[in-house]
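So the chains spell out like this:
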Amino acid sequence: MDYQKHLKILKETLDQHKITPENLREKRKSIKEFPKQINNRVVDAFQSFAPFDRAPVWMMRQAGRYLPEYREIKAEMDFFATCQNPFIAAEITLQPTKQFEIDAAIIFSDILVLPKMMGMEITIEEKKGPVIANPLVTPADIQRLHPPNPEHLEHVYDALFLTRLALQGKCNLIGFCGAPWTVFAYMVEGGSSKLFTKVKKWLYLYTEGSLQVLELLAKESAKYLINQVKQGGAQVVQIFDSWAGQIPALDYIEFIIPSLRILFEDFKKECPDTPLIMFPKDQNDKKVIVEFLKLIYNDKPLVDGFQLDSNVSDETLVKIIEANRTIQGNLEPGVLFGTPVIIKKRISQMIEKLQTTRRYIINLAHGLTPDHEVEKVRLFVQESQRQSKLYKAKEILE
Ligand code: 1CP
């Protein structure tokens, strides 16, 4: 398949730096400096002293099937083939940055890329989502897992590198991975799940085995994120714990946070200055957030910011603000199906509530989906920026 015809946004960068599939790896190792950062709003949102005109805006799952230009590529390529081709992955990452004036690009990849390289046979099927042919059934299956061959993840760092060059400093670049618990849930359930009974059985019955896998995933995820920063040029990292809310806070604190701590510590030892955003979806319970806030290494926080969903309580927000951590979120993505009137109203309410801190990044409560409309997404970005600016100006006058 001639994928090169899809490289529309990336083409100029490839020509400028004379990058070809043959010399990409060599170029990545030799180009030591990225273009000067013109818009650093997302990174600045982790520092209260940085100048500030408005809050930054980006959206989870901003590259994906709601964009016609993504569907055009996907019509010809399998999902993991798009992730594994660094040129295509970079092109798709850049697509929303051409559509909207967003302040960050998040690398086009998937949380399942890592377990795929650790021995899980994963495909993404139309309508069904991820399907795993060889799920973990009993603890005896753990021995099938192995650390990824580092070579097999290089394409992600290549894609980040190409994207960072092509962005020309116009916005920040975010790397990511799945949290050990969420990745483990897929490895055991064999795909998407409604009730999560298999992974709950593992957690409460095969506890030791579960903790062993969680720790292995934590260590490998940390290495993966470190490389995304050091090899690829990611400027912020986000950890997606999409299924955090499937177990009670008590169990999340006892069983899950210890593996996350390993991930955070390993990461921060190598990348102490790279902001880390944690997304414990549906686990906004104050008790859980407080546990995260307690995690400190070398007098520095291990978690720099929280992606919050729309149910976050005022009490939790106060805790985060008092601890000088960054808030990201939290408009219910379903609101974007609504009329411009309701979209504007909900944005205004979100900003009133969350922009009370300098450390704020506007985002949705979870990802965009294929049924979102490009024009409504544009309204979200433009209106958020406009209202955020007004709110900031009002604050100065008061
Ligand atoms: O712009 C971006 O954010 C794109 C990059 C991205 C990210 C951050 C993709 C592309 N996936 C993810 C993370 C991801 N993958 C999460 C965490 C975020 C979240 O909760 O939404 C999860 C749970 C997955 C697992 C996954 N991969 C699903 C969800 C299925 C389920 O269990 O509900 C799906 C559908 C995939 C495949 C996938 N990953 C990404 C895209 C665009 C797609 C759809 C593939 C297609 O085009 O058909």
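None of these values were measured; they are calculated from a predicted model.

Engineer: Teacher, can you tell me more about the UniProt feature "domain: Uroporphyrinogen decarboxylase (URO-D)" (unreviewed entry) in the chain here?
Structural biologist: Mapped onto this numbering, the UniProt entry annotates "domain: Uroporphyrinogen decarboxylase (URO-D)" (unreviewed entry) at residues 56-65 and 174-190. What you have in residues 56-65 is 0% helix and 0% strand, and the ends, taken at the C-alpha atoms, are 24 Å apart. Taken end to end, residues 174-190 is 59% helix and 29% strand, and its first and last C-alpha atoms sit 28 Å apart.

Engineer: Before we go on, may I ask you to explain the site of the ligand in this structure?
Structural biologist: Around the ligand, the structure places 21 residues, and the nearest of them are Tyr70, Asp110, Tyr186, Ser192 and Ser242. The contact in question runs from an oxygen atom of the ligand to an N or O atom on the backbone of Arg61, over 2.9 Å. Measuring from an oxygen atom of the ligand, one finds a side-chain N or O atom of Ser242 at 2.6 Å. Its free accessible area being 880 Å², the ligand has 88% of it covered by the protein chains. Looking at side-chain class alone, the shell around the ligand contains 13 nonpolar, four polar and four charged residues.

Engineer: Is there a simple way to explain the sheet that holds strand 1 (residues 104-106) in this structure?
Structural biologist: Strand pairing in a sheet is mediated by backbone hydrogen bonds. Such pairs are either parallel or antiparallel. On the basis of which strands lie adjacent, the open sheet formed by seven strands has the order 1-4-5-6-9-10-11 and parallel pairing. Because the sheet does not close on itself, it has two edges, and the strands there are strand 1 and strand 11 (360-364). In this sheet, neighbouring strand axes are inclined to one another by 25 degrees on average, regardless of whether the strands run parallel or antiparallel.

Engineer: Would you take a moment to explain the nonpolar core for this structure?
Structural biologist: Taken as a class, soluble globular proteins show a tendency for nonpolar side chains to be buried jointly. In terms of nonpolar packing, the biggest core is built from 139 residues, with Phe184, Ile239, Tyr252, Leu260, Phe264, Phe292 and Phe380 touching the most fellow members. Excluding its chain neighbours within four sequence positions, the residues that come into contact with Ile239 are Cys177, Gly178, Ala179, Leu225, Leu260, Leu263, Phe264, Leu276, Ile277, Met278 and Phe279.

Engineer: Would you mind showing me how to read the environment of Arg346 here?
Structural biologist: Mapped onto the elements of the fold, Arg346 is located in helix 15 (residues 340-354). Residue classification places Arg346 among the partly exposed positions, given a relative accessible area of 32%. In this structure, the C-alpha to C-alpha distance between Arg346 and Val335, residues eleven residues apart in sequence, is 7.7 Å. Among all residues touching Arg346, those that are not within four sequence positions of it are Leu331 and Val335. At a separation of 2.8 Å, a polar atom in the side chain of Arg346 contacts the side chain of Gln349.

Engineer: What is the right way to read the packing of helix 8 (residues 154-167) against helix 11 (residues 207-232) from this model?
Structural biologist: Each pair of packed helices gets described by two things: the angle between the helix axes and the distance between those axes. Viewed as axis vectors pointing N to C, helix 8 and helix 11 meet at an angle of 40 degrees, and their least axial separation amounts to 8 Å. In this view, helix 8 runs oblique relative to helix 11, as classed from their interaxial angle. With respect to the hand of their crossing, helix 8 and helix 11 are arranged in right-handed fashion. Mapping the contact onto sequence places Val156, Tyr157, Leu160, Phe161 and Arg164 in helix 8 and Tyr224, Asn227, Gln228, Gln231 and Gly232 in helix 11. By residue class, the composition of the contact of helix 8 with helix 11 is five nonpolar, four polar and one charged.

Engineer: Help me understand the packing of aromatic side chains in this model?
Structural biologist: How two aromatic rings sit relative to each other is set out by the distance from centre to centre and by the angle between their planes. Overall, the coordinates contain 16 aromatic pairs when judged by the stated rule. Following the ring pairs from residue to residue traces out a cluster consisting of Tyr70, Phe79, Phe80 and Phe108. Just above the ring of Phe80 sits the side chain of Lys116; from NZ or CZ to the centre is 4.6 Å.

Engineer: For this particular structure, what's the right way to read the pairing of strand 10 (residues 326-331)?
Structural biologist: By the criterion of burial, strand 10 is predominantly enclosed, with six of the six residues buried. A crossover links strand 9 (residues 305-307) with its parallel partner strand 10, the connecting element being helix 14 (residues 314-322), and its sense is right-handed. In the sheet, strand 10 pairs with strand 11 via five bridges, with the strands oriented parallel. Directly across from Asn330, in strand 11, lies its bridge partner Asn363. Once you follow strand 10 into helix 15 and on to strand 11, the crossover reads as right-handed.

Conventions adopted
Residues numbered from 1 in each chain as written. Predicted model: local features only at pLDDT ≥ 70, side-chain atom pairs only at ≥ 80, totals over all residues. Heavy atoms only, no water. UniProt positions renumbered as here; feature names shortened; annotations may be inferred. Helix = DSSP H or I, 4+ residues; strand = E, 2+ residues; numbered from the N terminus. Near = heavy atom within 4 Å. Polar contact = N/O pair within 3.5 Å; in protein donor to acceptor, adjacent residues only side chain to side chain. Areas by Shrake-Rupley, 256 points an atom, 1.4 Å probe, with all protein chains shown as cover. Nonpolar A, V, L, I, M, F, W, Y, C, P; charged D, E, K, R; others polar. Pairing = 2+ DSSP bridges. Axes fitted to C-alpha atoms, helices over the stretch in contact; angles between N-to-C directions. Core = buried A, V, L, I, M, F, W, Y, C linked by side-chain atoms within 4.5 Å. Buried < 20%, exposed > 50% of the residue type's maximum accessible area, 1.4 Å probe, protein only. Contact = heavy atoms within 4.5 Å. Parallel < 35°, antiparallel > 145°, perpendicular 65-115°, else oblique. Left-handed = near helix turned anticlockwise from the far one by under 90°. Phe/Tyr/Trp six-rings, centres within 6.5 Å; stacked < 30°, edge-to-face > 60°. Lys NZ or Arg CZ within 6 Å of the ring centre and 35° of its normal. Right-handed = clockwise from strand over helix to strand, strands pointing away.

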